[in-house]
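Chain by chain, the residues run as shown.
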Amino acid sequence: MELLGRPIGLNEPLFAIAGPCVIESEALVLGVAERLRAIADRLGMLIIFKSSFDKANRSSNASFRGPGLEEGLRILEKVRAETGLPLLTDVHDAEQVRAAAEVVDIVQTPAFLARQTDLIEAVGACGKVGNIKKAQFMAPHDMAHVVAKARGAAEAAGREARVIVTERGTSFGYNNLVTDMRGLVIMRDTGCPVVFDATHSVQLPGGLGASSGGQREFVPVLARGAVAVGIAGLFMETHPDPAHALSDGPNAWPLDRLEPLLAELQALDAHGIEARRRWPDQA
């Protein structure tokens, strides 16, 4: 599959989706985006800036949700104008898809909404790349049905179906997630590039009562494992001050530690590509 003029896939260079969970302010988002632009240039890596205009699935109604659709998309447009980074954002209902698709390069469906047919079909038909996150309650092979919905809608609209699928952990009892690395291989059967969400996979949903906790120290561990298994891209929420982030701080990766981790994963990915070319039966 081609994404933003570059081929992506199992045996293509790793790309990254990174940014703060939610648009906290224009200044914060632009500051993070400028640093991501510099990292992308130094590493020669495709980095897609991500942030949400609305976090509709917060644990508590007292939690910060974001600036909303109109203001959020205005800020994202400014990110593109000032940094040139491609953009990704979430949509939560079918009515938001058209407006988001006019601004961003990738329209993402949150994991909790992977079974919402109208939303999946709207994303599939919108003309932009769709990133569909596997729900925490779904088996990896179930994503074949979700992708079929998006592809069917794209075909009905006379558009090319362009879909990415993302693993973000599976519910394991209460307030905990685990990542089954086999799922990364199983989801390749959809024919879509597979992305691993390294930060939401260490989330502890509702683990702090009115908000989610997280085990940030395991982000590099799981990211290394996923790259070693073989993925097309890595999703990672990052923040300059995770302790004071307004959403998902406990599992966000510190921005000042992002570049060395991406460089390490980039090197591991290159080694994996070479190994799979030499021994394709082991992939």
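Below you will find a few notes about this structure. Please read all numbers here as calculations on a predicted model, not as lab measurements. (Residues numbered from 1 in each chain as written. Predicted model: local features only at pLDDT ≥ 70, side-chain atom pairs only at ≥ 80, totals over all residues. Heavy atoms only, no water.)

## Some remarks on the pairing of strand S14 (residues 233-239)
Argument step 1. With seven of its seven residues buried, S14 lies for the most part within the structure.
Argument step 2. Residues of S14 alternate between two faces, with Gly233, Phe235, Glu237 and His239 on one and Leu234, Met236 and Thr238 on the opposite face, all of them buried.
Argument step 3. Where strand S3 (residues 15-19) meets S14, five bridges bridge the pair, whose relative direction is parallel. Paired with Phe15 across the bridge in S14 is Gly233.
Argument step 4. The sheet contact formed by strand S11 (residues 194-197) and S14 spans three bridges and is parallel. Following the sheet pairing, Val195 is matched in S14 by Gly233.
Argument step 5. As judged from the two bridges shared by S14 and strand S15 (residues 253-254), these two strands associate in the parallel manner. In the strand pairing of S15, His239 is matched with Pro254. (Buried < 20%, exposed > 50% of the residue type's maximum accessible area, 1.4 Å probe, protein only. Helix = DSSP H or I, 4+ residues; strand = E, 2+ residues; numbered from the N terminus. Pairing = 2+ DSSP bridges.)

## Regarding the side chain of His92
Argument step 1. Relative to the elements of secondary structure, His92 occurs in the loop between strand S5 (87-90) and helix H3 (94-101).
Argument step 2. Contacts of His92, omitting those with residues within four sequence positions, involve Asp54, Lys55, Ala56, Pro110, Leu113 and Leu119. (Contact = heavy atoms within 4.5 Å.)

## Points about the packing of helix H1 (residues 26-43) against helix H8 (residues 258-278)
Helix-helix packing: each pair is described by the crossing angle between the helix axes and the interaxial distance.
Argument step 1. Between H1 and H8, whose axes approach to 11 Å, the crossing angle comes to 35 degrees. Crossing handedness for the pair H1 and H8: right-handed. In contact with Leu36, Ile39, Arg42 and Leu43 of H1, H8 contributes Leu258, Glu259, Leu262, Ala263 and Gln266.
Argument step 2. A class-by-class count of the residues in the contact of H1 with H8 yields six nonpolar, one polar and two charged. (Axes fitted to C-alpha atoms, helices over the stretch in contact; angles between N-to-C directions. Left-handed = near helix turned anticlockwise from the far one by under 90°. Nonpolar A, V, L, I, M, F, W, Y, C, P; charged D, E, K, R; others polar.)

## Some remarks on the pairing of strand S4 (residues 47-50)
Argument step 1. Of the two faces of S4, the one holding Ile47 and Phe49 and the one holding Ile48 and Lys50 are both buried throughout.
Argument step 2. Here S3 runs beside S4; their pairing, made up of three bridges, is parallel. Its bridge partner being in S4, Ala16 is matched across the sheet by Ile47.
Argument step 3. Remark: the S3/H1/S4 crossover connection has right-handed handedness.
Argument step 4. As paired elements, S4 and S5 share two bridges and run parallel to each other. Bridge assignment links Lys50 to a residue of S5, and that residue is Leu88. (Right-handed = clockwise from strand over helix to strand, strands pointing away.)

Distances and angles like these do not, on their own, reveal function.
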